[in-house]
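Analysis of the macromolecular model
Listed below are the residues making up each chain.
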Amino acid sequence: MENTPVERKKRVLSLIQPTAVPTLGNYLGALKNWKNMSEDYDCIYGVADLHALTIHPDPASLRKQSLEMFALMLSVGLDPEKNIVFFQSHVHTHSELAWILNCYTQFGEASRMTQFKEKSAKHAGNITVGLFDYPVLMAADILIYQADFVPVGADQKQHLELARDIADRFNTMRGNTFVLPEPFIGKVGAKISSLQDPTQKMSKSDPNPKASISLLDPPEVILKKFKSAVTDSEAVVRYADGKDGINNLMAIYSCCTGKSFEEIENEFAGKGYGDFKVAVAESVIEELRPVQDNFKRLIADKAYLNEVAKNGAQAATRISQRTLAKVQKKVGLYMP
Ligand code: TRP
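Residues numbered from 1 in each chain as written. Predicted model: local features only at pLDDT ≥ 70, side-chain atom pairs only at ≥ 80, totals over all residues. Heavy atoms only, no water.

Time to look at the nonpolar core. Counting residues in each nonpolar core, the largest one holds 56 residues, and the members touching the most others are Leu24, Phe70, Met73, Phe226, Ile252, Phe276 and Val284. Looking at which domains feed residues into this core, each of domain 1 (11–185 + 302–331) and domain 2 (209–296) supplies at least three. If we skip the residues at most four places from it in the chain, Ile252 touches Leu24, Leu28, Ile192, Leu195, Phe226, Val280 and Val284. Of all hydrophobic cores here, the second largest spans 42 residues; its members include Leu15, Ile142, Tyr145 and Val150. (Core = buried A, V, L, I, M, F, W, Y, C linked by side-chain atoms within 4.5 Å. Buried < 20%, exposed > 50% of the residue type's maximum accessible area, 1.4 Å probe, protein only. Domains from an automatic or database assignment. Contact = heavy atoms within 4.5 Å.)

The element strand S2 (residues 42–47) is largely enclosed, with a buried count of five among its six residues. As paired strands, S2 and strand S3 (residues 84–87) are joined by four bridges and run parallel to one another. Counterpart to Val47 in the pairing with S3 is Phe87. (Helix = DSSP H or I, 4+ residues; strand = E, 2+ residues; numbered from the N terminus. Pairing = 2+ DSSP bridges.)

Our next topic: the state of the cysteines. Going through the model one piece at a time under the given rule, you end up with zero disulfides. Here Cys43 is not cross-linked by a disulfide; its sulfur's nearest cysteine counterpart is in Cys255, at 20 Å. On the accessibility criterion, Cys43 (1% relative accessible area) is buried. (Disulfide = S-S within 2.5 Å.)

Another aspect to go through is unusual backbone geometry. One non-glycine residue, His56, adopts positive backbone phi at about 50 degrees. Considering the arrangement of structural elements, one finds His56 in the loop between helix H2 (49–52) and helix H3 (59–75). In this model, Gln146 sits at a positive phi of 55 degrees, which is unusual for a non-glycine residue. For Gln146, the location among the structural elements is in the loop between helix H7 (129–143) and strand S4 (149–151).

What follows is about the site of the ligand. In the neighbourhood of the ligand, the contacting residues comprise Leu13, Ser14, Leu15, Gln17, Ala48, His51, Tyr134, Met138, Asp141, Ile142, Val150 and Gln156. Take Tyr134: an N or O atom from its side chain is 2.8 Å from a nitrogen atom of the ligand. In this structure, Gln156 approaches the ligand through a side-chain N or O atom, which is 3.1 Å from a nitrogen atom. Surface burial for the ligand is 88%, taken as the share of its 360 Å² of free accessible area covered by protein chains. Of all the secondary structure elements, the ones that give two or more residues to the shell around the ligand are strand S1 (11–16) and H7. Residue contributions to the shell around the ligand peak at four residues, all from H7. Broken down by class, the residue content of the shell around the ligand amounts to seven nonpolar, four polar and one charged. (Near = heavy atom within 4 Å. Polar contact = N/O pair within 3.5 Å; in protein donor to acceptor, adjacent residues only side chain to side chain. Areas by Shrake-Rupley, 256 points an atom, 1.4 Å probe, with all protein chains shown as cover. Nonpolar A, V, L, I, M, F, W, Y, C, P; charged D, E, K, R; others polar.)

The subject of this paragraph is the domain arrangement of the protein chain. It is common to report an interface's size as the accessible area lost on association of the parts. Split into domains, the protein chain comes out as domain 1 (11–185 + 302–331) and domain 2 (209–296). Of note, the centres of domain 1 and domain 2, computed from C-alpha atoms alone, are 32 Å apart. Contact between domain 1 and domain 2 buries roughly 1200 Å² in total, counting both sides, with carbon and sulfur atoms accounting for 75%. Counting across the domain 1 and domain 2 interface gives one salt bridge. Mapped onto the side of domain 1 that touches domain 2, the elements with two or more residues apiece are helix H1 (24–37) and H3. Each residue belonging to the side of domain 1 that touches domain 2 can be placed in one class, and the counts come to nine nonpolar, two polar and two charged. (Buried area = accessible area lost by both parts, 1.4 Å probe. Salt bridge = Lys/Arg side-chain N within 4 Å of Asp/Glu carboxyl O.)

Scanning all chains against the criterion turns up 14 aromatic pairs. Ring geometry for Tyr41 versus Phe184: centroids 5.6 Å apart, planes at 90 degrees, classification edge-to-face. On the criterion of sequence distance, the pair formed by Tyr41 in the loop between H1 and S2 and Phe184 in strand S5 (residues 182–184) is long-range, its members being 143 residues apart. Note on Phe184: relative accessible area 14%, which makes it buried. Grouping aromatic residues by their ring pairs yields a cluster made of Tyr41, Phe149 and Phe184. (Phe/Tyr/Trp six-rings, centres within 6.5 Å; stacked < 30°, edge-to-face > 60°.)

The next thing to look at is the pairing of S1. Burial within S1 is extensive, with six of its six residues counted as buried. A two-sided burial pattern is seen for S1, the buried positions comprising Arg11, Leu13 and Leu15 on one face and Val12, Ser14 and Ile16 on the other.

The interhelical angle for the contact between helix H6 (residues 114–122) and H7, taken along N-to-C directions, is 160 degrees, at an axis separation of 10 Å. With respect to their mutual orientation, H6 and H7 come out roughly antiparallel. The element H6 and its partner H7 pack so that their crossing is right-handed. Where H6 approaches H7, its residues Gln115, Phe116, Lys119 and Ser120 are matched on the opposing element by Leu131, Phe132 and Tyr134. For the contact of H6 with H7, the residue count by class is four nonpolar, two polar and one charged. (Axes fitted to C-alpha atoms, helices over the stretch in contact; angles between N-to-C directions. Parallel < 35°, antiparallel > 145°, perpendicular 65-115°, else oblique. Left-handed = near helix turned anticlockwise from the far one by under 90°.)

Set out below in structure tokens:
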């Protein structure tokens, strides 16, 4: 008789910080893919509210933004029946594993994290241990679910490598315990740049509000921002080296309409940047319309959100508890 093993779906995990409303860049680069992935993967998505504490947000704002981020995750199409969606702080196992992993992380390797170096240079008067420890909590988020893949942007890649190093060290010292997570590289369209400085990534922390599109920007604001997007003086819509502004608008338009760069070049042959910018803005407005409609409906239904959060936390706790128990045993904690 042939041996047919039951195939377990690979597990994908990602958390997102509730510090600001995600940008169009976050959406086209990551969130938009999330909803399609639940067919092929076992997906777990969370609001990283504990990570947000490292920069001392105003408590009322954090509370509000966390719920909004949760509603947004559902608004982009994550189905809580098919995925686990939760708040990091509702699942106690993350913090407990993080403590143990602290003891398996070298001070030197944590000190080498680029983001820590950058952030501590920027906030020299407020370098908390939490900021330093941030990547270890992130490692715990990932390893506690035995995640196979983690969709991460370039800025989080080093943290994912640290998670792998910690897992590998633990497995070597205490026996095989953790799956080593791999970065998940999504489809192209992943890199959307600032509208004001197209050599930089579109970032939700950009101080210039014209540089990025928030997922919740109303249509007239989106139009205005695209109209003031930085381009070049050639006045020809074509994809080429050195035309970062136009290349970026073409990438956005392509993501929202499904058209290829060639089709876009043909469509706008003989037309100026003005027409093109309006077309890009309209495609973005259409792309975001269902997300914004969903968000309006969900954010008004707190009872539903609370119910989804409760179920998500229960499911996440159940899965993560298994890993935590294994780890506690392996490190020698007495368990009656
Ligand atoms: N540090 C990530 C960010 O700022 C958020 C995050 C926290 C995360 N825990 C995670 C991402 C686990 C992926 C997996 O974007």
